[in-house]
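Structural features, examined
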Amino acid sequence: MPTVTGGYRRIRVTPYGPALGGAVRGVDLARGLDRETYAEVRRALLDRQVLFFKEQSEISPETQVAVGRMFGPLHMHPAAPRMSGYPEVFEIHVHRDSRVANGEFWHSDVSCDEEPPMGTILQLHVLPASGGDTIFVNMYAAYETLPDALKNRLSGLTARHASEHVYRERYSDRGVDDRGKAYPSADHPVVRTHPETGRKALYVNRTFTTRINGLSASESRALLESLFDHCEEPRFQIRFRWELNDVAFWDNRCTMHHAIWDYWPEERKGRRVTIRGDRPR
Ligand code: SIN
C-alpha cells in the first residue's frame, strides 16, 4: 500500500514517483471543488509539483473553467484554436491526419509569454490503446544538483524564450490562419524563484529557450545544451501513464514536460485550461 502524504482531510495523495508527482484520490473534479478541498489541492500541488487525479468522470467545459478559475484568472493560449463557447479551453486532439502533436517536445507551457502560465489542468477523454504517456521533470531538483560553480555562473543570467519558430502555422490544419499575427517572446531568469515556495528552479526548455543573453552565440548554445541535457536526465523524471478521464494538474513554474507521440495512427483527445502566472523572478 503506497504511503499517503500530507495530513489531508479531503483528499488522499500518494507519491507518483520519487522525483515528483502525486496521485490524488477522494475528489471528483466533475462536481467542482469546495474551498477546503481547493486549499488541500493547492497545497498538494506545491508539495508534489504535478498531481494526477484518478477515478474521474468527464468534466464539462463549464466546470473545468470554474475549477481552473479557483486557482487564478485563466490564460489564453497565443496560438491554439479556441473551443467554441469556451475560449479559455484548449482542445488537445491528435489523430491519424495530425501534422503535429501538442507538447511533443520538452517545454514549460508558453514560457515565451512575459507572464507564463502558473499551472495547467488537462483531462484526457480519448486514449490510444497504449502509449501517449507524458513525462514530467522536477526543475527544482535539476537546479539543486548543479555544481556550485555553475549555480554561481547562472545567477543573474537571463534567457530569451521565443515562439515564432514554434507556433507559426502550427495549427493551420485546425483552421487557424495566423497571417499578420505576431507571436510572443520574453526574457526570463535562467534560474527562477518560485513565488509561493521560495525555492529556486531551472527555467529553460528546448522548445522555447533560444538564447542566453549576454553570451556569444556559441557560448550560449553550449551552455543551453548542457542545461537541457542535465534537466532531461531520467533521475528528475516521472512518466505518467494515462487512464481514461485522468486529470493532470502541473505547476509550470517548477516543472517541464514532454507528451510522447508514439501512438500514431491512433487518437488522443482531451481539454485543458491554463492558469495565468507571474513574471518569473
Ligand atoms: C501539453 O503540453 O499541454 C500537452 C500535454 C499532454 O498532452 O500530455
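The structure under discussion appears in the preceding block.
Residues numbered from 1 in each chain as written. Predicted model: local features only at pLDDT ≥ 70, side-chain atom pairs only at ≥ 80, totals over all residues. Heavy atoms only, no water.

Some details on the sheet that holds strand S6 (residues 134–138)
The strand order S12-S6-S14 describes an open sheet built from three strands, whose pairing is antiparallel. The two strands at the open ends of the sheet, each matched to only one other strand, are strand S12 (237–240) and strand S14 (255–259). Strand-to-strand, the axes of this sheet are offset by a mean angle of 20°, without reference to chain direction. As defined by bridge partners, S6 adjoins S12 across four bridges and the pair is classed as antiparallel. Counted as the bridge partner of Val137 is Gln237 from S12. (Pairing = 2+ DSSP bridges. Helix = DSSP H or I, 4+ residues; strand = E, 2+ residues; numbered from the N terminus. Axes fitted to C-alpha atoms, helices over the stretch in contact; angles between N-to-C directions.)

A look at the packing of aromatic side chains
A complete count under the given rule lists 11 aromatic pairs for this structure. Aromatic ring contacts, followed pair by pair, group Tyr16, Phe52, Phe136, Phe240, Trp242 and Trp250 into a single cluster. The ring of Trp264 is capped by Arg96, whose NZ or CZ atom sits 5.8 Å from the centre of that ring. The cationic tip of Lys151 hangs over the ring face of Tyr143; the distance from NZ or CZ to the ring centre is 5.3 Å. (Phe/Tyr/Trp six-rings, centres within 6.5 Å; stacked < 30°, edge-to-face > 60°. Lys NZ or Arg CZ within 6 Å of the ring centre and 35° of its normal.)

Topic: the sheet that holds strand S8 (residues 185–189)
Pairing is antiparallel in the open sheet, where three strands are placed in the order S8-S7-S11. What marks the edges here is a single partner per strand, and that holds for S8 and strand S11 (209–212). On average, each strand axis in the sheet is inclined to that of its neighbour by 30°, with strand direction left out of account. In this sheet, S11 lies alongside strand S7 (residues 158–162) in antiparallel orientation, the contact comprising three bridges. By the bridge assignment, Arg160 is partnered in S11 with Arg211.

Comments concerning the pairing of strand S3 (residues 50–53)
Working note: regular strand, side chains alternate between the two faces of the sheet. Of the two faces of S3, the one lined by Val50 and Phe52 and the one lined by Leu51 and Phe53 are each fully buried. Pairing between strand S2 (residues 22–25) and S3: three bridges, direction parallel. Bridge assignment links Gly22 to a residue of S3, and that residue is Leu51. In terms of handedness, the path from S2 via helix H1 (residues 35–48) over to S3 forms a crossover that is right-handed. Bridging between S3 and strand S13 (residues 247–251) involves four bridges; their strand directions are antiparallel. In the sheet register, Leu51 faces S13, and the bridge partner there is Phe249. (Buried < 20%, exposed > 50% of the residue type's maximum accessible area, 1.4 Å probe, protein only. Right-handed = clockwise from strand over helix to strand, strands pointing away.)

Coordinates in, geometry out; function isn't part of it.
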